[in-house]
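Structural description and commentary
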Amino acid sequence: MPLTVITGAASGIGAATRLALHAAGHAVIGVDLRDAEVSADLSTAQGRAAAADALLTRCGGRLDHLVLCAGLGPHVEPASRVLAVNYFGAVQLLDALLPALRGGNQPSAVVVSSVASTQLDWDRNPLATVLDAGDEAAAQAVLQAAGERAGQLAYAASKNALTVAVRRRAAAWGAAGVRLNSVAPGAVETPLLQAGLADPRYGPAIESFKAPIPRRARSAEIAAVIAFLLGPQASYVHGAQLLVDGGVDAAARPTRF
Ligand code: NAD
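An unreviewed UniProt entry annotates the protein as SDR family oxidoreductase originating from Azohydromonas caseinilytica.

See the structure below:
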């Protein structure tokens, strides 16, 4: 039975992924603030370290799959918390769990980024340098200078940096025998999206965001792609970002891919 860790397993896409993987015969260790096998706050360095220690103990140093779903939307304040969970919470667990994945059976990992990752070029990502340096304090200063744009910047910049982090690991993870990919959803009906819709600063923009497939995704539709990327049918897919956005990116940037 494959052993899989899922962060953000208590809600939305993470919960749907847990259901899909259970149905496919996986044993799942969920990580979340609550309602999970491992309770941890991935917004702090101590919380991430404690989560990694607990996971390595629970899996006995051998893990088959990892899915990083935990994340916060642009409406969450302070914006530094968005960056802390979406970027640092993901990359620190990726790196901490690679040794266990190396010992797994056909091991693989999927990181949940966002179509928002394509809204910024890395060369124009104002947080690129400080995120590369792993400097959370400097990142906080950049966000403070962004004023009322801080939430949107934290979200798009964290997802842009997360996708870059996955792509930059392709060589080392390939050599280690562990496949690593990202999924970039568009708007998905989850509590995160509902909270954004309810926020007067972001609601109207989210409401007017129309995909070529004229509806929002269901969590199960993202979970199905995550399950595919984790499994043997995706055995030569590595370092890729799979957009699951109903055609948003293709419509917005048909000549850039
Ligand atoms: P959600 O709010 O339903 O689930 C997110 C989960 O992450 C929650 O269970 C929450 O408790 C957990 N989490 C948040 N902060 C945490 C912390 N500090 N420590 C541990 N766990 C924490 O949201 P969702 O929409 O399912 O989001 C899942 C992922 O999908 C996120 O990374 C999000 O950015 C991404 N995403 C969502 C959408 C969308 O429209 N819903 C679109 C693109 C990308």
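**A look at the overall build of the protein**
Each helix and strand in the protein was counted, giving 11 helices and 7 strands. For the protein, the spread of C-alpha atoms along the three principal axes comes to 45 × 40 × 35 Å. Relative to its full complement of 257 residues, the protein shows a buried share of 53%. In the protein, once contacts between residues fewer than 6 apart in sequence are set aside, the share between residues at least 24 apart is 76%. Between the mean site of the 21 positive side-chain charges and the mean site of the 20 negative ones, the protein shows a separation of 5 Å.

**Notes on the pattern of salt bridges**
Overall, the coordinates contain 14 salt bridges when judged by the stated rule. Connected through salt bridges with shared partners, the residues E77, D199 and R201 form a single ionic network.

**Overview of the packing of helix α2 (residues 45-58) against helix α3 (residues 79-102)**
One way to put it is that α2 packs onto α3 with a least axis distance of 10 Å and a crossing angle of 30 degrees. Classified by the angle their axes make, α2 and α3 are roughly parallel. Judged by the sense of rotation from one axis to the other, the crossing of α2 with α3 is right-handed. Residue-level inspection shows R48, A51, A52, L55 and L56 of α2 in contact with α3, the latter providing A84, F88, G89, Q92, L93, A96, L97 and A100. Taken together, the residues of the contact of α2 with α3 sort by class into 10 nonpolar, 2 polar and 1 charged.

**Here we look at the packing of aromatic side chains**
Counted according to the given criterion, the structure contains 1 aromatic pair. Centre to centre, the rings of Y87 and F88 are 5.0 Å apart; their planes meet at 80 degrees, and the pair counts as edge-to-face. Both residues of the pair, Y87 and F88, count as buried.

**Section: the sheet that holds strand β5 (residues 108-112)**
Strand order across the open sheet formed by 7 strands is β3-β2-β1-β4-β5-β6-β7, with parallel pairing between neighbours. The open sheet has two edge strands, β3 (38-39) and β7 (241-244), and neither has a second partner. As judged from the 4 bridges shared by strand β1 (residues 3-7) and strand β4 (residues 65-68), these two strands associate in the parallel manner. Residue pairing across strands places T4 opposite H65, the latter belonging to β4. Strands β1, β4, β5 and β6 (179-185) of the sheet are contacted by α3, whose axis makes an angle of about 175 degrees with β4. The sheet contacts of helix α10 (residues 219-230) involve β1, β4, β5, β6 and β7, and relative to β6 the element is tilted by about 165 degrees.

**Some thoughts on the environment of A23**
The topology assignment puts A23 in helix α1 (residues 12-23). By relative accessible area, A23 is classed as exposed at 72%. With 123 residues separating them in the primary sequence, A23 and A146 have C-alpha atoms 44 Å apart.

**Here we look at the site of the ligand**
Around the ligand sit 30 residues, and of these S11, I13, D32, V188 and T190 come closest. Contact distances for the ligand include 2.9 Å between an oxygen atom and a side-chain N or O atom of K159. For the ligand, whose unbound accessible area comes to 820 Å², protein coverage reaches 93%. Mapping the ligand onto the cavity grids shows that it belongs to the largest pocket. For the shell around the ligand, the element with the most residues is helix α8 (residues 191-198), which contributes 3 residues. Broken down by class, the residue content of the shell around the ligand amounts to 17 nonpolar, 9 polar and 4 charged.

**Examining the state of the cysteines**
With the rule as written, the count across this model stands at 0 disulfides. Its sulfur unpaired, C59 is 18 Å from the next cysteine sulfur, which belongs to C69. The exposure class of C69 is buried, given its relative accessible area of 13%.

Criteria and cut-off values
Residues numbered from 1 in each chain as written. Predicted model: local features only at pLDDT ≥ 70, side-chain atom pairs only at ≥ 80, totals over all residues. Heavy atoms only, no water. Helix = DSSP H or I, 4+ residues; strand = E, 2+ residues; numbered from the N terminus. Buried < 20%, exposed > 50% of the residue type's maximum accessible area, 1.4 Å probe, protein only. Contact = heavy atoms within 4.5 Å. Lys, Arg positive; Asp, Glu negative; His and termini not counted. Charge placed at Lys NZ, Arg CZ, Asp CG, Glu CD. Salt bridge = Lys/Arg side-chain N within 4 Å of Asp/Glu carboxyl O. Axes fitted to C-alpha atoms, helices over the stretch in contact; angles between N-to-C directions. Parallel < 35°, antiparallel > 145°, perpendicular 65-115°, else oblique. Left-handed = near helix turned anticlockwise from the far one by under 90°. Nonpolar A, V, L, I, M, F, W, Y, C, P; charged D, E, K, R; others polar. Phe/Tyr/Trp six-rings, centres within 6.5 Å; stacked < 30°, edge-to-face > 60°. Pairing = 2+ DSSP bridges. Near = heavy atom within 4 Å. Polar contact = N/O pair within 3.5 Å; in protein donor to acceptor, adjacent residues only side chain to side chain. Areas by Shrake-Rupley, 256 points an atom, 1.4 Å probe, with all protein chains shown as cover. 1 Å grid on protein atoms, 1.4 Å probe; cavity = no way out; pocket = protein on both sides within 12 Å on 5 of 7 lines; lining within 4 Å. Sits in = over half its atoms within 2 Å of the grid points. Disulfide = S-S within 2.5 Å.

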